[in-house]
Amino acid sequence: MAPCTDRPPQRRRPRPAALALTAVLTLACAPGAGATDLLQAWEAARTHDPELAAARQGLLAGQARADQADSLWRPTLEAQAAVGRATQESQTRGARFAAAGLGAMDGADFDTSIRNGSRSEYGIQLRQPLIDLGRDAQARQLRHASMKAEAAWTIAEQQAALRIARRYFDVLTGMRRLDVLQSQKRAVERLLAQARARYRAGDASILDTHEAEARLGQIDSQVDLAATRLELARAAFTQASGLPAKGLAPLREDAPELTAPPDQPLTAWLDRVGKASPELRQALETAAMAAEHAEGLRAIAQPTLSLVGAAGRTHLSGAGQYGDAGYAATQWSVGLELRIPLYTGGMRDARYREALAERDGARFQIASMQQRLELRTQAAWLSLDTGPARIRALRQARKASAARRDATRLGVEAGDRTQLDLLDAEQALSQSELDLYQALADLVIDRLELQALAAGLNPHELASANCVLAGARCPEKGGG
């Protein structure tokens, strides 16, 4: 499709410049007469679609996980304080006592007693991890979780754009289907009126009237079903975009961009999807997280080394068995702390085996995801590749249906065909027109889906799709 304008690669976080460029895209391709086009619907959906809003919060949560990974190797500083009531009784026997001017004495006894006294304690502790394989694995797992959240956001953004496009064209095809069926209903009503008049005049049997009534009942049910489906399609469009699903710019059935072949061969698209697919990237990050989780559990049995520093003071005062008494102690320390796990009760081994199984399962999921992506890419590409031939065949079928309708009309005038034959011919023509319109809309969606598989569905591509709508002002390829 001929793009309306250029658009830089999609970024993780919306920036003011990107939002301004998107607004320019909307104005560049906006149809006249106040009709809502595809770009306007997407701009509205970006702020209204609840699924996209939920995914945006998931992205923010993922960014916080990256910050958590960075913080794991930073020192932790903790302050503590406590106040309360306490009792302390101590007895020392056979101690050696020495004091200046008093000499030394062996066998001294010391007794202290504080009952229900006032106790206060405060201190501060610093801990800096130096060697911790489990902490290493946890940090890597958090970073993979952050990248997984980015991939999930890309998926959500691509799917939101594809979803609003599908709902847009669902409304257009629903409107076309309802219009065709209502036209057929009016034709059947005219046929029924003619059958009844001819029956009253004695020129036809009652069977013609019954058959026309049966046709009318059938078309009534089809009209009701089409109207219901159209209302649902409109409701779905409004839910996603917040815009009324009326006055949408219609599809230009003669737009050359509709039947343009794929811009690259299938092998190039398969390679592009394999490298850029956000769904594959998400599966890869999930497998990496599972592998790091297993590595972290294995590291539980490994020694850890930390630098630890602490300072504090404890004070206790009150009355006891020997009168008023007080106790105060101040301490500080700094050094290395080595921890070596000896036995975990078997829990670590069991969890490690579980993590290994989850890791291997995630790796198989990658292979399964690659197969599904290849099939989806082939399906979308082949649909576009065979699209021109399919559209030519449908247009030829519509032309043949129109010729049949004209021939049947002449046959009715000559008395060789009945009005029911003419009605069948008109319905066949209407169905061929519907099939052609649906196929054209499907080609737009297939082109967008192919881009979404490679994370390339951005306002640039939506602007290209927007150019197939009636009234869209779109410059030619290479235009300014």
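The sections below set out a description of the structure shown in this document. Everything quoted here is computed from the prediction, not taken from an experiment. (Residues numbered from 1 in each chain as written. Predicted model: local features only at pLDDT ≥ 70, side-chain atom pairs only at ≥ 80, totals over all residues. Heavy atoms only, no water.)

Overview of the pattern of salt bridges
In this structure the tally under the stated criterion is 27 salt bridges. Across the pair Glu-43 and Arg-46 runs a salt bridge whose closest N-O atoms are separated by 3.6 Å. Taken together, the positions of Glu-43 and Arg-46, both in helix α2 (residues 38–48) and 3 residues apart, correspond to about one turn of that helix. For Asp-111, the salt bridge identified is with Arg-93, shortest N-O distance 2.6 Å. Placement of Asp-111 in strand β2 (residues 103–131) and of Arg-93 in strand β1 (residues 76–99) is noted, with a sequence separation of 18 residues between them. On the basis of relative accessible area, Asp-111 is assigned to the partly exposed category, the value being 32%. Bridged by salt links that share partners, the residues Asp-49, Glu-51 and Arg-163 form one connected network. (Salt bridge = Lys/Arg side-chain N within 4 Å of Asp/Glu carboxyl O. Helix = DSSP H or I, 4+ residues; strand = E, 2+ residues; numbered from the N terminus. Buried < 20%, exposed > 50% of the residue type's maximum accessible area, 1.4 Å probe, protein only.)

With respect to the nonpolar core
Formed by 76 residues in total, the largest nonpolar core has its most connected members in Leu-38, Trp-42, Tyr-168, Phe-169, Phe-237, Leu-448 and Leu-462. When residues in this core are grouped by element, the largest group, 17 residues, is from helix α4 (residues 133–201). Sequence-distant contacts of Leu-38, defined by excluding residues within four places in its chain, comprise Ile-164, Ala-165, Tyr-168, Phe-169, Leu-462, Ala-465, Asn-466 and Leu-469. (Core = buried A, V, L, I, M, F, W, Y, C linked by side-chain atoms within 4.5 Å. Contact = heavy atoms within 4.5 Å.)

Comments concerning the environment of Ala-86
Considering the arrangement of structural elements, one finds Ala-86 in strand β1. Not counting the four nearest positions on each side in its chain, Ala-86 is found in contact with Ile-114, Arg-115, Asn-116, Gly-117, Arg-119 and Leu-316.

Don't take any of this as a statement about function, it's just geometry.
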